[in-house]
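# Descriptive analysis of the structure
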Amino acid sequence: MKLTEFKSCLLHSPDHELRFVFPDGGQIEAHAHITEVSKIEKIFIDCGGTFRRVAHCSMQAWVANDLAHRLSPANLASIISKAAPILSGEDLDVEIEYQDGLISQFPVESATAADGVLHFHLTTKNTDCLAKERCRPARHE
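What comes next concerns the included structure. (Residues numbered from 1 in each chain as written. Predicted model: local features only at pLDDT ≥ 70, side-chain atom pairs only at ≥ 80, totals over all residues. Heavy atoms only, no water.)

### A word on the environment of D91
With respect to the secondary-structure elements, D91 resides in the loop between α3 (84–87) and β4 (93–100). Between the C-alpha atom of D91 and that of K2, which follows or precedes it by 89 residues, the distance is 5.8 Å. Ignoring any residue separated from it by four or fewer positions in sequence, one finds D91 in contact with K2, L3 and T4. Polar contacts involving the side chain of D91 include one to the main-chain amide nitrogen of L3, which spans 3.2 Å. Polar side-chain contacts of D91 include one of 2.8 Å to the backbone nitrogen of T4. (Helix = DSSP H or I, 4+ residues; strand = E, 2+ residues; numbered from the N terminus. Contact = heavy atoms within 4.5 Å. Polar contact = N/O pair within 3.5 Å; in protein donor to acceptor, adjacent residues only side chain to side chain.)

### Quick notes on the packing of aromatic side chains
Per the counting criterion, the structure on display carries four aromatic pairs. Between the aromatic rings of F6 and F120, the centroid separation amounts to 4.1 Å while the plane-to-plane angle is 25°, which identifies the pairing as stacked. In this pair, F6 is assigned in helix α1 (residues 3–12) and F120 in strand β6 (residues 117–122), connecting sequence segments 114 residues apart. Judged by its relative accessible area of 0%, F6 falls in the buried class. By relative accessible area, which is 0% here, F120 ends up buried. Both rings, one in F22 and one in Y98, keep their centres 5.5 Å apart while their planes meet at 50°; by these two values the pair is tilted. Remark: Y98 occurs in strand β4 and F22 occurs in the loop between β1 (17–21) and β2 (33–45); sequence separation between them is 76 residues. Owing to a relative accessible area of 8%, Y98 belongs among the buried residues under this scheme. (Phe/Tyr/Trp six-rings, centres within 6.5 Å; stacked < 30°, edge-to-face > 60°. Buried < 20%, exposed > 50% of the residue type's maximum accessible area, 1.4 Å probe, protein only.)

### Regarding the pairing of strand β5 (residues 102–114)
In the sheet, β4 pairs with β5 via six bridges, with the strands oriented antiparallel. Across the sheet, E95 pairs through a bridge with P107, a residue of β5. Summarising the sheet, β5 and β6 pair through six bridges and their orientation is antiparallel. When the bridges of β6 are listed, A111 appears paired with F120. Taking the residues that link successive antiparallel strands as the turn, the β5-β6 hairpin has two residues, and the phi of D115 there is positive, at about 55°. (Pairing = 2+ DSSP bridges.)

### With respect to α1
Along α1, the residues that are buried comprise L3, F6, C9 and L10. Relative to the axis of α1, the buried residues are bounded by an arc of 125° and lie together on one face. Projecting away from the buried face of α1 at angles above 90 degrees are the exposed residues T4, L11 and H12. (Arc of directions from axis to C-beta.)

Right, here's the structure in full:
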């Protein structure tokens with residue numbers, strides 16, 4: 001999901017309960033809050049020798065012992081607005097970073113709003129070879 005769509009969902013449901021749903025159906029605790037909104041940029045060379053640049057908006061979810069804490073969609077939209085200078089006006093893909101033993105990154109796939117709850121559905125992130133046509137050894141038959 002792109003940042004403009006993500007923020008639009010927040011603004012359309014400003015008073016809903018905010019929830020993030022893992023690919024397996026589990027959820028980040030309701031009392032989590034977003035500790036940072038950042039633009040992550042990676043400039044690299046792939047195994048085929050092509051230089052690449054990718055960027056995304058990362059939002060770090062953190063869970064503390066403050067069980068009464070609740071981050072509303074309106075509050076998160078405000079935080080994203082304050083981050084506008086570092087997001088450079090780009091319509092970046094959004095990822096949620098969350099730690100449960102290991103730090104994991106989950107791209108936001110979609111959103112649904114029902115019964116006073118705004119759910120952001122997360123998906124998995126996978127590694128891949130970006131130069132399959134160039135770096136794989138030829139098969140000898």
